[in-house]
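Each chain, letter by letter, is given below.
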Amino acid sequence: MTALGLPDTIQACLFDLDGVVTKTAVVHAAAWKETFDAFLRGYDGQRPFDAVADYDEYVDGRPRADGVRAFLDSRGIHLPEGTPNDPPDAPTVHGLGNRKNVLLLEKIRTEGVEAYDGTLRYLAAVRAHGLRTAIVSSSANCRDVLRSIGAEHFFDVRIDGVVAAERRLPGKPHPDTFLAAAHDLGVEPSRAAVFEDALAGMDAGRAGRFGYVVGVDRVGQTDALYAHGADTVVKDLAELGGKQ
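Residues numbered from 1 in each chain as written. Predicted model: local features only at pLDDT ≥ 70, side-chain atom pairs only at ≥ 80, totals over all residues. Heavy atoms only, no water.

(A) Region of interest: the environment of Gly186. Assignment of secondary structure puts Gly186 in the loop between α8 (176-185) and β4 (192-196). Once the C-alpha coordinates of Gly186 and Gln11 are considered, the two residues, 175 residues apart in sequence, prove to be 9.7 Å apart. (Helix = DSSP H or I, 4+ residues; strand = E, 2+ residues; numbered from the N terminus.)

What follows is the structure, encoded as structure tokens:
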């Protein structure tokens, strides 16, 4: 293992955003809960959205529309697809997802965004050691979030919700967005490491046959991260080393 805590065959690092670089996973979970709880009140006998269990299982790491479908399927509820331009009050999959995004942006505007200091230090070390880097996120707000914390310069490539839509890449747990990042960086998946906190991200790392998959456990799900494909699990990237 290198000073970065990675196999010496690794040439590139692919980082998820929410929960790995930024402390926004809890904000996402709160926005989803507010969205789904309001929606579920129209259905008799439905329990509220669980911001831990339901979030981890059905929506964390997935594109918004995929998260809506997965959660509603778990409750036996089916909505029309609609279109990505549906208003946030539309009774469609995309409308519900857009409602969540409105709430998320409002929470980010009022509460701000924080970065994990350990991740920023690790990113600096990765860059200093000459490894290539990419941010891989399902968020359509990825670039704005990176700019808000002054971290855009850490990444050679950005594959986010906007880019994925343009290229028609399926989101996590499919490996396509990570594979696109490795391709754009000019490295084979076997020589790239994935850094993820979401179970769907672990699945993507395993499916893409990446050289190393690092699970970041912010919420006490170490066993689940290993079960979904992590090679190692840390609570903070500082644990991997990464001294410049």
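The rest of the description comes next.
(B) How the structure looks around the pattern of salt bridges. Under the counting rule described, the total for this entry stands at 17 salt bridges. Arg69 is paired through a salt bridge with Glu81; the nearest N and O atoms lie 2.8 Å apart. In this pair, Arg69 is assigned in helix α3 (residues 64-74) and Glu81 in the loop between α3 and α4 (93-111), connecting sequence segments twelve residues apart. Owing to a relative accessible area of 27%, Arg69 belongs among the partly exposed residues under this scheme. Residues participating in the shared-partner salt-bridge network are Asp16, Lys172 and Glu196. (Salt bridge = Lys/Arg side-chain N within 4 Å of Asp/Glu carboxyl O. Buried < 20%, exposed > 50% of the residue type's maximum accessible area, 1.4 Å probe, protein only.)

(C) Main features of the state of the cysteines. Evaluated as defined, the whole model comprises zero disulfides. In this structure Cys13 is a free cysteine whose sulfur lies 16 Å from that of Cys142, the closest cysteine sulfur available. Residue Cys142 is classed as buried on the basis of its relative accessible area of 0%. (Disulfide = S-S within 2.5 Å.)

(D) Spatial organisation of the sheet that holds strand β2 (residues 132-136). Spatially, β3-β2-β1-β4-β5-β6 is the arrangement adopted by the six strands of the open sheet, whose pairing is parallel. Each edge of the sheet is formed by a strand with only one pairing partner; in this case those strands are β3 (157-159) and β6 (232-234). Between one strand axis and the next, the sheet turns through 20° on average, direction left out of account. Most of the contacts of helix α9 (residues 199-207) go to strand β5 (residues 212-216), to which it runs at about 175°, and overall it touches β4 and β5. (Pairing = 2+ DSSP bridges. Axes fitted to C-alpha atoms, helices over the stretch in contact; angles between N-to-C directions. Contact = heavy atoms within 4.5 Å.)

(E) Spatial organisation of the layout of surface pockets. Roughly 760 Å³ of internal volume is contained in the largest pocket. In terms of lining, the largest pocket is formed by 39 residues, of which the most central are Pro63, Arg64, Ala65, Ser138 and Gly161. Secondary structure elements with two or more residues in the lining of the largest pocket: α1 (25-40), α2 (53-59), α3, α4 and α7 (161-167). It is α4 that contributes the most residues to the lining of the largest pocket, seven residues altogether. In terms of residue class, the lining of the largest pocket is built from 15 nonpolar, 13 polar and eleven charged. For the second largest pocket, the calculated volume is near 260 Å³. Surrounding the second largest pocket, 18 residues form its lining, Ala25, Val26, Tyr55, Arg218 and Val219 being those nearest its centre. Of all the secondary structure elements, the ones that give two or more residues to the lining of the second largest pocket are α1 and α2. The element contributing the most residues to the lining of the second largest pocket is α1, with three residues. (1 Å grid on protein atoms, 1.4 Å probe; cavity = no way out; pocket = protein on both sides within 12 Å on 5 of 7 lines; lining within 4 Å. Points joined across faces, edges and corners; volume = space filled by probe spheres on them. Nonpolar A, V, L, I, M, F, W, Y, C, P; charged D, E, K, R; others polar.)

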